[in-house]
Amino acid sequence: MAKEIVLLLTVDSLRRDHVGCYHGQSLTPFLDTFAEGSTVFEGACSQGGGTPESFRSIMFSLPPPLSLDERHVHGKESIAKVLREAGYATGGFHSNPFLSSHFGYDEGFETFFDGGGKQTGDATLLGDLGNAASIALMNRGPATDGKEITSRALEWAKGARSPAFLWVHYMDTHFPYLPPARMQGWRGSLRNRVAWDMLMARKIQAKAGEPSEGVRSRVMSSYRLCVREVDSYISTLIEGVWKHFDRRLVVMTADHGEGFWEHGRFGHGGVYDEILRVPLIVNSTGAGPGRRVQGLAPLADIKPTILRQAGLAQDGGLPLATGEAVTPGRKLVCASLDPPDGTRTLGFRSELMKYIRKESLDGSKCASEELYDLVRDPGERMDVLADRKEEGSAARAGLEEVLARGVTQALVDKSDESEVARRLHALGYD
Ligand SMILES: [Zn+2]
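No experiment lies behind these values; they were computed from the predicted model shown. (Residues numbered from 1 in each chain as written. Predicted model: local features only at pLDDT ≥ 70, side-chain atom pairs only at ≥ 80, totals over all residues. Heavy atoms only, no water.)

**Thoughts on the coordination of the zinc ion**
Ideal geometry at a metal centre gives angles of 109.5 degrees when four donors are arranged tetrahedrally and 90 or 180 degrees when six donors are arranged octahedrally.
Logical step 1: The coordination sphere of the zinc ion contains the protein donors Asp12 (OD), Asp12 (OD), Thr51 (OG1), Asp255 (OD) and His256 (NE2), at a distance range of 2.0 to 2.7 Å.
Logical step 2: On the primary sequence, the residues serving as donors to the zinc ion are separated as D-x38-T-x203-D-H. In this pair, Asp12 sits in the loop between β1 (4–11) and α1 (20–23) while Asp255 sits in the loop between β6 (247–254) and β7 (259–260), placing the two residues 243 residues apart along the sequence. For the pair shown, Asp12 and Asp255 are each scored as buried. (Donors = N, O, S within 2.8 Å, 3.2 Å for Na, K, Ca; no water. Helix = DSSP H or I, 4+ residues; strand = E, 2+ residues; numbered from the N terminus. Buried < 20%, exposed > 50% of the residue type's maximum accessible area, 1.4 Å probe, protein only.)

Next up, the structure:
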């Protein structure tokens with residue numbers, strides 16, 4: 001009897017424009033080839049600026065947390081929980097403290113590796129201290145490397161019964177970007193180099209404003225090496241898993257991207273597009289030739305996609321069949337919590353526009369608002385709120401409505417659909 005597996009593969013802080021099938025950089029040879037036989041979502045959109053914000057939509061199809069408490073997901077219905085109840089073998093392998101059992105991410109997994117116990121302790125310590133504590137802990141000793149995560153996941157897959165659900169999360173592209181020695185051609189000792197890299201990274205985090213060109217290029221080249229490294233782990237993982245299962249559904253994405261000072265900030269957080277736009281590649285046995293799908297595809301669609309493919313839901317999720325398209329005119333809520341700063345940033349994004357509001361962590365005080373025309377200004381350089389007050393008011397009201405209903409997106413307005421088509425056509429797109 002054919003053995004079946006669903007593999008959810010997530011990479012922390014992986015920028016969309018560093019994956020070759022999106023931007024032609026030659027950093028991800030395996031993923032690029034893999035993408036050729038897969039469905040590639042051009043408009044994949046994370047709904048959170050950090051791990052806890054984004055993973056609520058990936059694993060639970062829930063809107064991002066608006067408070068620190070909401071980062072806890074105990075008792076919620078994750079993909080793993082639903083599949084386990086349906087008889088799946090379930091295994092999860094990661095080492096991000098925000099995804100640990102402390103926050104409830106182990107629920108639904110028969111086997112759960114979250115950093116070999118070290119991270120569990122960290123997470124308890126983390127508690128609700130927030131990002132400052134997590135950054136400090138990550139700096140102290142980064143997460144379990146992809147090599148170990150891969151071999152643990154493969155060991156599990158080898159003995160897993162069918163059907164199986166395997167979630168693997170890589171941290172290698174997460175700050176402080178420590179590529180293995182063999183990728184750097186190091187002259188100095190490993191110990192010195194690592195110490196230097198970490199010191200440099202800490203300095204950058206503490207430093208306000210623009211870095212020197214030398215520091216910037218050093219940081220980005222370390223990041224690129226980590227992207228290459230993670231591609232090789234993904235290759236080993238997918239090829240290894242395929243040896244043990246005949247029918248596969250693979251969903252590969254990133255929880256969010258990474259900012260390299262595009263908006264004056266290094267690292268993740270916030271809701272600008274260098275953070276929200278992520279890779280999303282879906283490969284399923286027998287799905288036919290690969291294709292690319294345009295349009296906004298939220299990561300909250302991953303759960304319904306997996307459940308539908310597993311025969312546990314009738315519809316919903318990402319369009320995988322030839323000829324299917326994403327629902328146009330969608331407006332997504334996204335959020336990023338910044339406890340050290342005492343603020344949260346909310347976004348309301350369609351294909352055309354993005355409204356951003358920075359406010360106090362409890363939402364009582366608005367600090368700033370911005371509005372961007374994403375068609376004319378995809379880099380979000382020019383705030384048009386002062387010139388387009390009506391659109392700003394509509395976006396503000398739309399965001400309020402979505403927040404009040406506690407959902408991931410606004411109801412699709414058909415008039416937006418034709419407006420999208422009209423404006424894109426006017427700019428030469430079809
Ligand atoms: Zn993350």
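**So, the sheet that holds strand β11 (residues 332–338)**
Logical step 1: An order of β11-β12-β13-β14 is seen for the 4 strands of this open sheet, with the pairing classed as antiparallel. Edge positions in the sheet fall to β11 and β14 (366–373), since each of these pairs with one other strand and no more. Each adjacent strand pair in this sheet contributes to an overall mean axis angle of 15°, direction not counted.
Logical step 2: Bridge analysis of β11 against strand β12 (residues 343–349) gives 7 bridges, and the strand direction is antiparallel. Within β12, the position partnered with Ser336 by the bridge is Thr345. (Pairing = 2+ DSSP bridges. Axes fitted to C-alpha atoms, helices over the stretch in contact; angles between N-to-C directions.)

**Structural notes on the packing of helix α2 (residues 29–36) against helix α9 (residues 213–244)**
Logical step 1: One can describe the packing of α2 onto α9 by two numbers: an axis separation of 7 Å at closest approach and a directional angle of 50°. Between α2 and α9, the angle is such that the two are oblique. Along its contact with α2, which presents Pro29, Phe30, Leu31 and Phe34, the element α9 presents Asp231, Ile234, Ser235, Ile238, Glu239 and Trp242.
Logical step 2: Across the contact of α2 with α9, the residue classes break down as 7 nonpolar, 1 polar and 2 charged. (Parallel < 35°, antiparallel > 145°, perpendicular 65-115°, else oblique. Contact = heavy atoms within 4.5 Å. Nonpolar A, V, L, I, M, F, W, Y, C, P; charged D, E, K, R; others polar.)

**Some thoughts on the environment of Ser360**
Logical step 1: Structurally, the position occupied by Ser360 is in strand β13 (residues 353–360).
Logical step 2: For Ser360, the contacting residues outside a window of four places in its chain are Gly342, Thr343, Arg344 and Lys365.
Logical step 3: Among the polar contacts listed, one links the side chain of Ser360 to the side chain of Asp362, at a separation of 2.8 Å. (Polar contact = N/O pair within 3.5 Å; in protein donor to acceptor, adjacent residues only side chain to side chain.)

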